[in-house]
Each structure stands twice: as structure tokens, then as C-alpha cells.
Amino acid sequence: MGDIAGNETTFYSNAEDYWKEVPPTVDGMLGGYGSISSIDINGSKAFLQKFLGEGEGKTGTSCALDCGAGIGRITKRLLLPLFNTVDLVDVTQEFLDKAKTYLGEESKRVGNYICSGLQEFVPESGRYDVIWIQWVIGHLTDNHLVEFLRRCKKALRPNGLIVIKDNVSYEGVVPDEVDSSVCRDLEILHSLAGQAGLRIVQEEQQMNFPKEIYQVHTLALR
């Protein structure tokens, strides 16, 4: 990433400032594309359910972590219906406060609400069956992403999975000055996952999203 994150402190503080101004709504979480939420969740559910279940090699359903959780859109629609307990981590306290009401009755199955940037967050070792990381890796520098993924690997239970779902550029790294983030191409993403000691178990493109937005790919890693 070189010069983009040349001033690392500003890269992170600008992103925090951006999210502080975003309304704590589904539309806010999705940058005005709230209408794609159901397509997104249905695609994620079909992807994830291939791995879950009983028996050899299957991923358990006791505990999941929602990274960059915001108000809990993914926790509510994807993770709480599939897992006994879900933890949420997000850099914006206001979003986590909103999550407690947005999640409604099911919020009683949330284990922890953690206010932290992922570059500093250390997930509890051996706690999670699935660590879901969606639309947030662009807020980490390459080095911090690799380090975070290494910590996530240590936080997995047996047969656990890390899932990254995010925008993918056609080539190289594309900076977004508005929210202080970057979009990487698949080759770079594969390389960073490899540096973290992870292998790609499965990968697919999310279909039926608006043509004007980036391609979105989902990667299962362990």
C-alpha cells in the first residue's frame, strides 16, 4: 500500500471520524445501499451453511464473531439465527449502543460488545467457530491486516473458519479518500491471507448486486 497508509495515524483517525458522522441505520452501514441487504444476507447464508453442521470436518455453531459489526446488521440476520452466541466488535461506540436495541430480544445471546479498531483488537484464543469480516478490511493497512488475520487464526475453535466478504478491485489498490479506506484486488488479498498462514477453502462472487458498485467476493479461510 506504500504511500496510501504512509501516514498510518491519519489513515485510521480519518476513518473513525467518517464513521462517527454516519447514521446508525442499515442504510448508513451500507453507504446508502440498504436495499441490497437481503441479497447480501441470503448469499452469505448459502455460503456459510455449506460448512456448518455435525460430523467430521464440519464447523460448529456455538460462537461467532462479527468484525466491523456496526449496528449488528449481519449479527441479526445471519449470525444469531445460526450460532448460539455472537460477539460484536466495531470502532464506533454509538453503533454498538444502537445494536443493543436493533437486535431486539435476541440481543440476550450477544456475548460481548467490543469497541475497538481491528488493528488493535485481539480476539480471545480458541473462542470462535466462525469469524465474519465483512466490508472492513479496507480500513486496515496490509501489515495490520496480516497481523489481525494471524490473531483470528489463533481465536478459532477446531474446524473453525474465517470468512472475508468484501469489495474487490479489478487491479491493484484503489484508495477511497471519503471514508479513508482502500480496495484491493483478489491477487493481493490472496497474498495477504497466505502471509497470515491461511489457506483458501472456498471462494465465490456475490451475485445480483448493482452493476455500479465493486465486485464483492467471499473467501473462507482457515
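Preceding block: the structure.
Residues numbered from 1 in each chain as written. Predicted model: local features only at pLDDT ≥ 70, side-chain atom pairs only at ≥ 80, totals over all residues. Heavy atoms only, no water.

Undergrad: Even after reading the chapter, I still don't get the overall build of the chain, so can you show me in this structure?
TA: Of the regular secondary structure elements, the chain holds seven helices and nine strands. Here the C-alpha radius of gyration of the chain, 16 Å, is about what a compact globule of 222 residues would show, namely 17 Å. The dimensions of the chain, computed from C-alpha atoms along their principal axes, are 45 × 35 × 35 Å. Looking at the chain as a whole, 50% of its 222 residues qualify as buried. (Helix = DSSP H or I, 4+ residues; strand = E, 2+ residues; numbered from the N terminus. Rg over C-alpha atoms; globule rule 2.2 N^0.38 Å. Buried < 20%, exposed > 50% of the residue type's maximum accessible area, 1.4 Å probe, protein only.)

Undergrad: Would you explain the packing of aromatic side chains in this entry?
TA: Any pair of aromatic rings gets described here by the distance separating the centres and the angle formed by the planes. Tallying each qualifying case throughout the model produces five aromatic pairs. Centre to centre, the rings of Trp 19 and Phe 95 are 6.2 Å apart; their planes meet at 85°, and the pair counts as edge-to-face. Taken as a pair, Trp 19 in helix 1 (residues 8-20) and Phe 95 in helix 5 (residues 93-102) lie far apart in primary sequence, 76 residues in all. Residues Trp 19 and Phe 95 agree in their burial class; the two are buried. Pairing Trp 135 with Phe 209 gives two aromatic rings, centres 6.1 Å apart and planes at 25°, and the pair type is stacked. With Trp 135 in the loop between strand 4 (128-134) and helix 6 (142-154) and Phe 209 in the loop between strand 8 (200-205) and strand 9 (215-221), the pair connects residues that are 74 residues apart, well separated along the chain. Note on Phe 209: relative accessible area 13%, which makes it buried. Every member of this aromatic cluster is reached through a ring pair, and the members are Tyr 18, Trp 19 and Phe 95. (Phe/Tyr/Trp six-rings, centres within 6.5 Å; stacked < 30°, edge-to-face > 60°.)

Undergrad: Would you mind showing me how to read the side chain of Gln 119 here?
TA: By the secondary structure assignment, Gln 119 is in the loop between strand 3 (110-115) and strand 4. Judged by relative accessible area, which is 16%, Gln 119 ranks as buried.

Undergrad: Help me understand the pattern of salt bridges in this model?
TA: Between side chains of opposite charge, pairing is possible as soon as their charged atoms come close. In this structure the tally under the stated criterion is eight salt bridges. The salt bridge involving Asp 40 is made with Arg 73; its shortest N-O contact spans 2.7 Å. Residue Asp 40 is found in helix 3 (residues 37-49), and its partner Arg 73 is found in helix 4 (residues 73-79); the two are separated by 33 residues along the sequence. For Arg 73, a relative accessible area of 5% corresponds to the buried category. Note that Asp 40 and Lys 165 form a salt bridge whose closest N and O atoms lie 2.7 Å from each other. Here Asp 40, found in helix 3, pairs with Lys 165, found in strand 5 (residues 156-168); they are 125 residues apart in sequence, far enough to count as distant. (Salt bridge = Lys/Arg side-chain N within 4 Å of Asp/Glu carboxyl O.)

Undergrad: Please explain the packing of helix 6 against helix 7 (residues 186-195) as it appears in this structure.
TA: When two helices pack together, their arrangement is given by the angle between their axes and by how far apart the axes lie. Close contact between helix 6 and helix 7 brings their axes to 8 Å; oriented N to C, the two are set at 50°. Relative to helix 7, the element helix 6 lies oblique. The element helix 6 and its partner helix 7 pack so that their crossing is right-handed. Judged by residue contacts, Asp 142, Leu 145, Val 146, Leu 149 and Arg 150 of helix 6 engage Leu 192, Ala 193 and Gln 195 from helix 7. Grouping the amino acids of the contact of helix 6 with helix 7 by side-chain chemistry returns five nonpolar, one polar and two charged. (Axes fitted to C-alpha atoms, helices over the stretch in contact; angles between N-to-C directions. Parallel < 35°, antiparallel > 145°, perpendicular 65-115°, else oblique. Left-handed = near helix turned anticlockwise from the far one by under 90°. Contact = heavy atoms within 4.5 Å. Nonpolar A, V, L, I, M, F, W, Y, C, P; charged D, E, K, R; others polar.)

Undergrad: What exactly am I supposed to notice about the layout of surface pockets here?
TA: Gaps left between atoms show up when a probe the size of a water molecule is rolled over them. Taken as a whole, the largest pocket encloses approximately 1,100 Å³ of empty space. Lining the largest pocket are 48 residues, with Trp 19, Met 29, Trp 135, His 139 and Asp 179 sitting closest to its centre. Mapped onto the lining of the largest pocket, the elements with two or more residues apiece are helix 1, strand 1 (63-67), helix 4, strand 2 (85-90), strand 5, strand 6 (173-176) and strand 7 (181-184). Of all the elements, helix 1 adds the most residues to the lining of the largest pocket, at five residues. Estimated volume of the second largest pocket: approximately 220 Å³. Lining the second largest pocket, in full, are Tyr 170, Gln 205, Gln 206, Met 207, Asn 208, Phe 209, Pro 210, Lys 211, Ile 213, Tyr 214, Gln 215 and Val 216. For the lining of the second largest pocket, the per-class residue count stands at seven nonpolar, four polar and one charged. (1 Å grid on protein atoms, 1.4 Å probe; cavity = no way out; pocket = protein on both sides within 12 Å on 5 of 7 lines; lining within 4 Å. Points joined across faces, edges and corners; volume = space filled by probe spheres on them.)

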